[in-house]
Amino acid sequence: MLDDPDEAVSPDEDEDAATLADLDYPASQRPEFATGRAYQILDEVALRILEIRLALMVVTEEVSLRLDDFYPRLTALELLADQAVGAAGLLLLSAELDDAWGSQPSRPQAVYARHKAAVSRGAPRAFPPASSLWHFNTVLKAVGEPAIGPDFRARPQCPATIRDGSRQCSNGVLYLGGNAFASGCFSHATEAERDRYRQHQDDRTEANVEAGQLQHLALTGLGRKITRDWLRRRHEPGSLYQLINQPDGPFHPE
Ligand SMILES: [Zn+2]
């Protein structure tokens, strides 16, 4: 496991990482690598950005400020952080990469592109583990699903013949909910079926709204927990807040 939370990082591993980074390779030959520690730190960075988004969602209950401007930027940052986690996962697995374009370390997206290029040349595809943010988004989606329920995408073809009689209608029949289908597509169904179809669509819209509300409740609940934790930690010794506010400041040579 790359990101097993119980997996302690041994001091030896730390040393290995330092050694590898400090080795005196010419820049063009420096091996590309990631430590398990770096992978976990980047995964935490993505989670910290998520925490900020959730905290902003609930702080508006206590201050008359509109904070919408944060969200698109935070979403973009979350995406960047998640890409960095995935790219670090590829490096950690020593995935094969096409040559880099320059001597600088590659950006996360370039690591993806270079691995994709290597795979298209026949290298084995590497599968880094899914990030914590990915798991979060998957679980969040599932929170809304009970409200929406499954809907049918694969519908039988409408049996009607088109107006000029030349061939069978190519549309799917209407899905009416509850595993029931209409006798034809919207044009070829009966008026009663069309009414039932409209009702089903309205129910779906309502269910989607309900799912959105369930997700919002889940997010704000988590946001309240996160902000409580922040304020508790703020006053604990060793917190960044405490370090900054101690008489000699936060910077001490180790
Ligand atoms: Zn039809």
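The structure presented is a predicted model; accordingly, all values stated were derived computationally and were not measured. (Residues numbered from 1 in each chain as written. Predicted model: local features only at pLDDT ≥ 70, side-chain atom pairs only at ≥ 80, totals over all residues.)

(A) Main features of the packing of helix H3 (residues 70–92) against helix H4 (residues 108–120). Here H3 crosses H4 at 45°, and the two axes come no closer than 8 Å. Between H3 and H4, the crossing angle belongs to the class labelled oblique. In this structure, H3 crosses over H4, and the sense of that crossing is left-handed. In this structure, H3 contributes Gln-83, Ala-84, Gly-86, Ala-87, Leu-90 and Leu-91 to the contact, and H4 contributes Pro-108, Gln-109, Val-111, Tyr-112 and His-115. Across the contact of H3 with H4, the residue classes break down as seven nonpolar, four polar and no charged. (Axes fitted to C-alpha atoms, helices over the stretch in contact; angles between N-to-C directions. Helix = DSSP H or I, 4+ residues; strand = E, 2+ residues; numbered from the N terminus. Parallel < 35°, antiparallel > 145°, perpendicular 65-115°, else oblique. Left-handed = near helix turned anticlockwise from the far one by under 90°. Contact = placed C-beta atoms within 7 Å. Nonpolar A, V, L, I, M, F, W, Y, C, P; charged D, E, K, R; others polar.)

(B) Structural detail: unusual backbone geometry. You will see that Ser-94, though not glycine, has its phi angle at about 55°, which is positive. Residue Ser-94 is classed as exposed on the basis of its 12 C-beta neighbours within 10 Å. Unlike most non-glycine residues, Asn-179 shows phi in positive territory, near 65°. Assignment of secondary structure puts Asn-179 in the loop between strand E1 (175–177) and strand E2 (180–181). (Buried ≥ 20, exposed ≤ 12 C-beta atoms within 10 Å, placed from the backbone.)

(C) Representation of H4 within the structure. Look at H4: 19 Å from first C-alpha to last across 13 residues, which is about the 18 Å you get at 1.5 Å a residue. All of the buried residues in H4 are Val-111, Arg-114 and His-115. The buried residues of H4 all sit within an arc of 100° when viewed along its axis, so they share a single face. Buried-residue contacts for H4 involve H3. Of the residues trailing H4, Gly-122 is marked for its positive phi of about 110°. (Expected span 1.5 Å × (residues − 1). Arc of directions from axis to C-beta.)

(D) A look at the nonpolar core. Grouped together as the largest cluster of nonpolar side chains are 19 residues, with contacts concentrated most on Leu-42, Ala-46, Val-85 and Ala-88. Elements represented by at least two residues in this core include exactly helix H2 (36–59) and H3. If near-sequence neighbours (up to four positions away) are discounted, Val-85 is found in contact with Tyr-39, Leu-42, Asp-43, Ala-46 and Ser-131. Cys-158, Leu-176, Ala-182 and Ala-189 belong to the second-largest nonpolar core, a separate cluster that totals six residues. (Core = buried A, V, L, I, M, F, W, Y, C linked by C-beta atoms within 7 Å.)

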